[in-house]
Every structure is written in C-alpha cells, then in structure tokens.
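# Observations on chain architecture
So you can see what is in the structure, the chains are spelled out below.
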Amino acid sequence: MSKKSQPSLADELKTYVVPFRYDGTGDFHLKSHKTNERGGLDKEGATRIIEANRRRLNDFQEKLYAQDRWSLLLIFQGMDAAGKDSAIKSVFEGVNPQGCEVTSFKQPSAKELDHDFLWRSMVALPERGRIGIFNRSYYEECLVVRVHQEILDRQKLPPQLVTKNIWKERFEDISAIERYLARNGTVILKFFLNVSKEEQRERFLERLEEPAKNWKFSMADIGERALWAKYQAAYQDMIRHTASQAAPWIVVPADHKWFARVVIGSTIVSALDRLDLHFPKVDKADRSEFAKVREALLAEGGAKKQGA
C-alpha cells in the first residue's frame, strides 16, 4: 500500500495566500477586500506561523544565495502607517542580512529627475541569489504623482508626452519591465498593505501619544489622509492594470499587524518553495580533491599533536 504524499508547503499555507492574491484574472474591486481579516487565527496561532515562516525563509535564503540562479523582488506599498516598515522587520527577522537589501524610495533627487521614472528602481534591482525589498517603489509614479499632478510638472517630460493616457502608458511600461524581469529569473511579489482609515487614525494617535514614536509622525501625513478617497481610487486602478501571473499583487489585510505578517511570510515562502531551491552538488572530481585535502588537514593536526 503506497504512502500518502505529504502536502506541499504551498498547500499548507494556501489559506493565508490564495484569498489575497490577485494576478489579473477577473475583476478587481478594492472595497471587496476586508482590511480586518484574521483568517480564522488568533494572535497566538499567528505567532507560531510567523516564527515557522522565519525559519523556512532563512533556509530558502541560504539555498537561493548558494544556487545563484533566481532573484526575489518584494515590493511593499500602502498608505502611511499601514505597517510596511514593521512588516519587513518582522518577516525577515533572523534572515542573513548579507543576502537581502532594502531600498526605500523617497522624493526623487535632481539626478533621478534627469532620468526616466523607472531608472532609480532599475539600478536597485537584486542580483541573482539575492532578495531585494522595495519599501515603496516605482508604483509611487502612479500613486502620489497621480494624486499630486504638480509633481508630474517637475519631472521634465516633454509637454506633448503628458497626455490623458499617461497613467495607462505607465501601467504598460511597468507591466512590460516586470514581464522582462520574470523572464530573466526574478520572482516578483507585490504587497499592498490594505489598512482602514479608522485604523490609520488610531496609529497616528499612537505616534502622537508615545514619545518614542513621535519621530514617525509628519504633518504631511494628515494632508495625505485628507486625500484618502483619491488614493484608494489610484490604488484600485493600479492593481487592476498591473497584476499578472508573473507579478501578482497580494492585497494584505493590514488592520491586524500580526495577520499581515502571516500573509506576507506565507506568500514569500510559498513562492520560494516552488523554485526547487537546493545547494549546488559537488561533482566526483571535486569530492576526490576534498578527500585529499581532508587527509592533509588531518595529518597536519596529527603532526602538531606529536610536536606538542
């Protein structure tokens, strides 16, 4: 009688991945995605999954680096106080920092404005064997720039190229570059941390009331909050037009930070599990050389003992 095959890691974690993954198939409506979803978990159960995913991610990262074939690009987007920074810190706790690089994209510099809108992101892409984490990304060019169109005026584009189709064109450009990257071995996962306006209010109040968190607060955050509806519309349009099987969006319920970390970690390890990562195998010739080196090292140790 044959033994039942063990479920894959992706099967084990699909409850925390599949409901939140959008790859461009079917319609997308942001309002249909709950921000306070818990996935049937409590905080204690979530903590166990988070810790297990950290161990898995550490193992996968070592193999990814050693195999040196794939790279992983993780993009984090969300409204202010959605929890991007803390999610990155939590999910990657214990992972070798030499194999990861976090890039935070702030207001473009004068040099960056002298290039196309994708340039500064392209030079920060992860090498093979590495994990690149974008804390905000080129998607800001379809979000904050869309909401604040005066920023577009500062980007030095020829006026005849700034038409009513510019956002559609940027979606096309982004989708094309992501398709190109995927065809060259970069696995792309995009996380939108979907926080409610009420939860954002609570987090802003916490930043104001706790001295250790005062530095996180900016008056500009309140100005952006007043544009909530415009941002939600921009996010919906962006996700709808740039999600694909090669570069899906994960709409992460972010009102409960612990569940957001379950979804993010589960998505990453599930994707890495599908890559069949393994440490490079040593051929017979190398093994023969290793045996000789081992004998020489052992003999060296014996000689030292005799001379002691």
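Here the structure is a predicted model, which is why all the values come from computation and not from measurement. Throughout this description, residue numbers start from 1 for each chain and increase along the sequence as written. Per-residue local features are limited, in this predicted model, to residues with pLDDT of at least 70; the limit for side-chain atom pairs, both in listing and counting, is 80 or more; totals at the level of whole chains, interfaces and linings are taken over all residues. For the side-chain quantities, the full set of heavy atoms in the structure was used; hydrogens and water were omitted.

## Points about the pattern of salt bridges
A pairing counts as a salt bridge when a side-chain nitrogen of Lys or Arg comes within 4 Å of a carboxyl oxygen of Asp or Glu. Applying the stated criterion across every chain, the model contains 19 salt bridges. The shortest N-O distance in the salt bridge between Arg201 and Glu198 comes to 2.8 Å. Of the two residues, Arg201 and Glu198 both sit in helix H9 (residues 197-209), three residues apart, roughly one turn of that helix. Judged by relative accessible area, which is 35%, Arg201 ranks as partly exposed. Between Glu202 and Arg201 there is a salt bridge, with the nearest N and O atoms lying 3.0 Å from each other. Exposed residues in this analysis have more than 50% of their type's maximum accessible area, buried residues have under 20%, and partly exposed residues fall in between, with area computed by a 1.4 Å probe over protein chains only. The class for Glu202 is partly exposed, based on a relative accessible area of 37%. Linked through salt bridges whose partners overlap, the residues forming this network are Asp80, Arg136 and Glu140. Secondary structure elements are taken from DSSP: a helix is a run of H or I of four residues or more, a strand is a run of E of two residues or more, and numbering for both begins at the N terminus.

## Observations concerning the packing of helix H8 (residues 166-183) against helix H11 (residues 228-242)
The description of two helices packed together rests on the angle between their axes and the distance between the axes. Axes here mean lines fitted to C-alpha atoms, for a helix over just the part in contact, with angles spanning 0 to 180 degrees between N-to-C directions. For the pair H8 and H11, interaxial distance at closest approach is 9 Å and the crossing angle is 45°. For the element pair H8 / H11, the angle class is oblique. Between H8 and H11 lies a crossing whose hand is right-handed. Along the contact surface, H8 presents Phe171, Ser175 and Glu178, while H11 presents Asp237, Met238, His241 and Thr242. When the residues that make up the contact of H8 with H11 are grouped by side-chain class, the tally is two nonpolar, three polar and two charged. With respect to orientation, any angle under 35 degrees is reported as roughly parallel, any angle over 145 as roughly antiparallel, any angle of 65 to 115 as roughly perpendicular, and every other angle as oblique. Each crossing is labelled by how the near helix is turned from the far one, with a counterclockwise turn of less than a right angle marking it left-handed and a clockwise turn marking it right-handed. The contact criterion used is simple: two residues touch if any of their non-hydrogen atoms lie within 4.5 Å. Three classes are used, and their members are as follows: Ala, Val, Leu, Ile, Met, Phe, Trp, Tyr, Cys and Pro are nonpolar, Asp, Glu, Lys and Arg are charged, and the others, Gly among them, are polar.

## Digging into the sheet that holds strand S2 (residues 71-78)
Either a parallel or an antiparallel arrangement is found when strands of a sheet pair, and the pairing is made through backbone hydrogen bonds. DSSP bridges decide pairing: two strands pair if at least two such bridges lie between them. Across the sheet, which stays open at both edges, the six strands sit in the order S1-S6-S5-S2-S4-S3 with mixed pairing between neighbours. The open sheet has two edge strands with one neighbour each: strand S1 (21-22) and strand S3 (100-104). Where S1 lies against strand S6 (residues 249-253), two bridges are found, and the strand directions are antiparallel. If you follow Tyr22 over to S6, its bridge partner there is Trp249. Helix-sheet contacts for H8 involve S2 and strand S5 (186-194), and the interaxial angle to S5 is about 135°.

Taken by themselves, the reported measurements are silent on function.
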